Amino acid sequence: MVEARPVPTAAAPVTRTKTVETAPMKIDRIYRSMTGPYELVDLDTSDMDWITAIRTEVLEVGQESSMGGEFFCHSQLQLTTGMRLTVNATGTEEIRLPEGFAVPVSQILSGLPADSRSVRFLGMVLNNHFPSIDRQARIRATVEYLRDEDLGSSPPPKRLYPFHVAMRVDDLALYQPPEDEPQPHEDVTTHCALVAGQETHWYVSPGPQLTRRPVRGLVPVEATIHHIAAHVHNHGEYIRLTDVTEGKVLWQADVEYEKDRRQILNIPVYSSAEGFPVYPDHEYEIEVFYNNTTDADVDAMAILYLYFHPKDDRALFPGRGIGP
Ligand SMILES: [Cu+2]
């Protein structure tokens, strides 16, 4: 009798984990998105070559229990250049890159001057629902990563580089309606009241609002996209990326809400080892639909955080192909 033996396969290397936590942040009133307290803390990346995942949670100070995603504005791993390696936000508390792919953190840092090769973790809280509150929160991130020496006989991960596409609107206060031309009938808004003068942060009046913007020069080289996480504020219904050149919707995230409350529960992520191709010379479009079900203005943002893999697996560096 011949005993069947499993054929040895190259197992995926076992990742290491490291946690980093912000100092306590006091939540004692309503903080809309991007207006809450935030803290920055250094992340020791001296033993990190590849980041494969990051998970974030908002913790009550003195307890290990999660306060829930509703107090989470966003958190990010950022370089001294301002480039962000990862961004998590309400509804996308975890980024897990597809198996066999990773962010080449040591390679990216090697493109910076030696005294600038640091990574900081920023965490910001918010509070949309409770005017009377007195709580203290920390944001904790758990980073999963590999060292080159952990790879053994496995091939190195395929390089994934982060970039983002933000919806930008035009300032309504500066808008001059043309006098002689009839107004085209449009359901798409291009002029919005800005929050603090930022064209990536605007107000949505009660009711529906559709915004759309062309995007050129999406990627610096021919590439495939393998992970996308979307950021919208409460009342955002969907966000969509379209390849206009090919007339094809590439991805759409439909935001899931709590059953009894207008609070984002989850925003689906795109994650695929196969991915989809993107081209430097194609025209793309970002579109977001808000439906403000309240009777007052709400504020809005819409950002896609994407990871691309250069078709030829070439190494890119901050300021030279990726990031500022
Ligand atoms: Cu925001």
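What comes next concerns the included structure. Each residue is numbered by its place in its chain's sequence as written, counting from 1. Owing to the predicted nature of the model, reporting of local features is limited to residues with pLDDT of at least 70; listing and counting of side-chain atom pairs is limited to 80 or more, with chain, interface and lining totals taken over all residues. As a rule here, side-chain values cover all heavy atoms of the structure and leave hydrogens and water aside.

Negative phi is the rule for most residues except glycine; trans is the rule for most peptide bonds. Unlike most non-glycine residues, M34 shows phi in positive territory, near 75 degrees. Numbering goes from the N terminus for both helices and strands, where a helix is a DSSP run of H or I of at least four residues and a strand is a run of E of at least two. Here M34 is to be found in the loop between β2 (25-27) and β3 (38-43). One non-glycine residue, A196, adopts positive backbone phi at about 50 degrees. Tracing the backbone shows A196 in the loop between β16 (194-195) and β17 (198-204). Each residue gets one of three labels from its accessible area relative to the maximum for its type: buried under 20%, exposed over 50%, partly exposed in between, using a 1.4 Å probe on protein chains only. Judged by its relative accessible area of 71%, A196 falls in the exposed class.

Right, let's get into the nonpolar core. Note on terminology: a nonpolar core comprises buried Ala, Val, Leu, Ile, Met, Phe, Trp, Tyr and Cys residues joined through side-chain atoms within 4.5 Å. Counting residues in each nonpolar core, the largest one holds 77 residues, and the members touching the most others are L77, L85, W202, V232, I239, L304 and F308. V87, A166, I303 and Y305 belong to the second-largest nonpolar core, a separate cluster that totals five residues.

Turning next to the sheet that holds strand β5 (residues 72-79). Pairing between two strands requires that DSSP report at least two bridges joining them. Pairing is antiparallel across the open sheet formed by four strands, whose spatial order is β3-β9-β5-β6. Of all the strands in the sheet, just β3 and β6 (84-89) have a single pairing partner and so form its edges. Each strand axis lies, on average, 15 degrees off the axis of its neighbour in the sheet, ignoring direction. Pairing of β5 with β6 involves five bridges; the strand directions are antiparallel. The residue bridging S75 from the neighbouring strand is N88, located in β6. Where helices are involved, their axes are fitted lines through C-alpha atoms of the stretch in contact, as for all axes, and angles between N-to-C directions lie from 0 to 180°.

On to the pairing of strand β27 (residues 302-310), then. Counting buried positions over the nine residues of β27 gives nine, a clear majority of the element. Side chains A302, L304, L306, F308 and P310 of β27 all project onto a buried face; the interleaved residues I303, Y305, Y307 and H309 project onto the opposite face, where all are buried too. Relative to β27, strand β12 (residues 161-166) runs antiparallel, the two sharing six bridges. Within β27, the position partnered with V165 by the bridge is L304. Looking at chain direction, strand β19 (residues 223-232) and β27 are connected through nine bridges and run antiparallel.

It is worth spelling out the coordination of the copper ion at this point. Taken together, H231 (NE2), H233 (NE2) and M301 (SD) make up the protein donors of the copper ion, found 2.1 to 2.3 Å from the metal. One chain supplies every donor to the copper ion, and in sequence these donors are spaced H-x1-H-x67-M. With a relative accessible area of 4%, H231 lands in the buried category. The donor set comprises N, O and S atoms within 2.8 Å of the metal, extended to 3.2 Å for Na, K and Ca; water molecules are omitted, so apparent gaps in a site may simply reflect that omission.

Glancing now at the pattern of salt bridges. Put simply, a salt bridge is a Lys or Arg side-chain nitrogen that is within 4 Å of an Asp or Glu carboxyl oxygen. Scanning the model with the defined rule gives 26 salt bridges in all. E287 is the partner of R240 in a salt bridge, and the nearest nitrogen-oxygen pair spans 3.3 Å. With R240 in strand β20 (residues 236-243) and E287 in strand β25 (residues 283-292), this residue pair connects regions lying 47 residues apart in the sequence. One salt-bridge network, held together by shared partners, links E21, E57, E64, R138 and R140.

Neighbouring strands of a sheet are bound in pairs by backbone hydrogen bonds; such pairs are parallel or else antiparallel. The strand order across the open sheet built from four strands is β12-β27-β19-β24, with neighbouring strands paired in antiparallel fashion. This sheet does not close on itself; its edge strands, each paired only once, are β12 and β24 (270-278). With strand direction ignored, the average angle separating the axes of adjacent strands in the sheet is 40 degrees.

We now examine the side chain of H201. By the secondary structure assignment, H201 is in strand β17. We call two residues in contact when some of their heavy atoms are within 4.5 Å. With residues near it in sequence (within four places) discarded, H201 still touches S33, M34, L194, V195, H233, D299, A300 and M301.

Here, two cysteine sulfur atoms that lie within 2.5 Å of each other are counted as a disulfide. What the rule picks out here adds up to zero disulfides. Of all cysteine sulfurs in the structure, the one in C192 sits closest to C73, which takes part in no disulfide; the separation is 19 Å. Residue C73 is classed as buried on the basis of its relative accessible area of 0%. By relative accessible area, C192 is classed as buried at 2%.

Once that is clear, we can look at the packing of aromatic side chains. Only rings of Phe, Tyr and Trp enter the pairing, Trp through its six-membered ring, and a pair is recorded when the two centres are within 6.5 Å. The plane angle decides the type: under 30 degrees is stacked, over 60 is edge-to-face, the rest tilted. On inspection of all chains with the given rule, the structure shows seven aromatic pairs. Aromatic pair F163 and F308: ring centres 5.6 Å apart, planes at 75 degrees, arrangement edge-to-face. Of this pair, F163 sits in strand β12 while F308 is found in strand β27, placing the two residues 145 residues apart along the sequence. On the accessibility criterion, F163 (16% relative accessible area) is buried. Members of the aromatic cluster, joined through ring pairs, are Y161, F163 and F308. Across from the ring centre of Y257, 4.4 Å away, lies the NZ or CZ of R262, which sits over that ring. A ring is scored as having a charge over it whenever the NZ atom of a lysine or the CZ atom of an arginine sits within 6 Å of its centre and within 35 degrees of its normal.

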